[in-house]
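Given next are the chains, with one letter for each unit.
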Amino acid sequence: MSTSVLSPAARLRGLRPDWLHDPKVWRTEVLAGLVVALALIPEAISFSIIAGVDPAIGLFASFTMAVTISVVGGRRAMISAATGAVALVIAPLNREHGFGYLVAAVILAGVFQIVLGALGVAKLMRFVPRSVMVGFVNSLAVLIFMAQVPEMHDVPWPVYPLIVGGLALMVFFPKVTRVVPAPLVSIVVLTVITVAAGIAVPTVGDKGDLPSSLPVPGLPDVPFTMDTLTTIAPYALAMALVGLMESLMTAKLVDDITDTHSSKTRESVGQGIANIVTGFFGGMGGCAMIGQTMINVKVSGARTRLSTFLAGSFLMVLCIVFGPVVSDIPMAALVAVMVMVSFATFDWHSVAPGTLKRMPAGEIAVMAVTVACVVATDNLAIGVVVGSVTAMVIFARRVAHLADVTAVTAPDGGSAVYTVTGELFFASSNDIVGRFDYATEADRIVIDLTAAHIWDASSVAALDAIETKYAQRGKTVEIIGLNEPSARIHARLSGELTGGH
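Below you will find a few notes about this structure. Given the structure is predicted, the values throughout are model-derived calculations rather than measurements.

Structural notes on the pairing of strand β6 (residues 476-480)
With five bridges connecting them, strand β5 (residues 444-454) and β6 associate as parallel partners. Paired with isoleucine 445 across the two strands is valine 477, which belongs to β6. A crossover connection joins β5 to the parallel β6 through helix α20 (residues 457-471); in handedness this β-α-β unit is right-handed.

This is how it looks when you write it as structure tokens:
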């Protein structure tokens, strides 16, 4: 029997990323990074305005977040940069205490994220139901579209045909070739048309001045006292939680799109490291950007860390070296790209009449609540929390109705057997108390829990209440059929919840 031994060169090739030895992958990743970088510029500037800081701060944050997370993150091809959710959280701190406190909060938020990641907060993602995930995706698409509406309001009339033209290019150009991403072609063509024809429309340059040099590291300009810590801690914790939730949800979404697995714990810690680096470089912090990630993964077809790294690198190169050219890009081109992203992101199958007809009403309600909360609050994290809580309540109600009590009186009439089936927990255990006949002539009551399971103290308290009611009537109660976990919790808590029978 012969065994094949790989040469050192072959083994080395196996360890290399795909883009190092596949020109096709290299081209896809490079062009995807360029498209994302172009889309990041106006977004970063807009988020800077929301946070109340100079546009360069948002651009610096996008650069450091993307470059850092491309190395330390857990989800390949996911884009992290300055985001609206983070900007909304830290804007009041900047407004009330100044920019130095904002930077300090970003660094502390990074520390919180590392701690939360190490504690396994990413494992909580398993409790997010599919209906919430679908609602999250659909509300994201709605938010992306709504964010473009101001760019289409009270603008010169040429903006509208430019947007339509950009959308047409992105729909039909892939039918010709997929070598170059359609969004990049759309941006280049619309820019050439507006500059060559001298069409006066809003441009990227109208959003704010682009930086002319790289960011310089430094410490936040704040007093290092306990008062400073107590001031920034609430904002830092809120930023850490919002950032982690959006990042983990986005990572899960990319997992589903690419049919690959990612380390959510590594992503949590990586987000923290990226925010710490961003804070020391004077950035406003950030997290995963769902819209830009969709451009990178779904529209451009990127799959590696290279696209994320290049998105951040190209962002700075475009701002510093090609600032005047980038400033001439019409906002209509970027609006067209984001509108296309919103339509591609929305799960149209989830709202198809056939799907809604087959879907349980509770699932539809959870999806609708998630979308409504996100759109109403403009905050994806709030929608996910409310949607998950709604799903848990609906699930608890559904499971509670499965608990049942069946009575069987013995032939001699001296004893009564009650068979309890189902899951006993706070939502179902209170109902079973009223299912027993306390006026029965039988002197001995047997409660058979062979087909039931005790989950919590409420169930033990309910069984104690049943025993007490029978004891007051001079009857004895015997509980049989407990499985091992149920027996343990019953033995530990019975008689201790109300000070005894």
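Focus: the packing of helix α19 (residues 426-433) against α20
Relative orientation of the contacting elements α19 and α20 amounts to 10°, with a least axis distance of 8 Å. With respect to their mutual orientation, α19 and α20 come out roughly parallel. Along the contact surface, α19 presents Phe426, Ser429 and Val433, while α20 presents Ser458, Ser459, Ala462, Ile466 and Lys469. Considered class by class, the residues forming the contact of α19 with α20 number four nonpolar, three polar and one charged.

Considering the packing of aromatic side chains
For the structure on display, the rule yields six aromatic pairs. Here phenylalanine 346 and tryptophan 348 contribute two aromatic rings whose centre-to-centre distance is 4.5 Å and whose plane-to-plane angle is 45°, an arrangement assigned as tilted. Judged by relative accessible area, phenylalanine 346 falls into the buried class, the value being 18%. By relative accessible area, tryptophan 348 is classed as partly exposed at 47%. Centroid distance tyrosine 438 to tyrosine 470: 4.9 Å. Interplanar angle 50°. Geometry classified as tilted. Remark: tyrosine 470 occurs in helix α20 and tyrosine 438 occurs in the loop between α19 and β5; sequence separation between them is 32 residues. Accessibility assignment for this pair places tyrosine 438 and tyrosine 470 in one class, buried. Each residue in the set Phe145, Phe343, Phe346 and Trp348 is aromatic and connected to the rest through ring pairs, giving one cluster.

The rules behind the values
- Residues numbered from 1 in each chain as written.
- Predicted model: local features only at pLDDT ≥ 70, side-chain atom pairs only at ≥ 80, totals over all residues.
- Heavy atoms only, no water.
- Pairing = 2+ DSSP bridges.
- Helix = DSSP H or I, 4+ residues; strand = E, 2+ residues; numbered from the N terminus.
- Right-handed = clockwise from strand over helix to strand, strands pointing away.
- Axes fitted to C-alpha atoms, helices over the stretch in contact; angles between N-to-C directions.
- Parallel < 35°, antiparallel > 145°, perpendicular 65-115°, else oblique.
- Contact = heavy atoms within 4.5 Å.
- Nonpolar A, V, L, I, M, F, W, Y, C, P; charged D, E, K, R; others polar.
- Phe/Tyr/Trp six-rings, centres within 6.5 Å; stacked < 30°, edge-to-face > 60°.
- Buried < 20%, exposed > 50% of the residue type's maximum accessible area, 1.4 Å probe, protein only.

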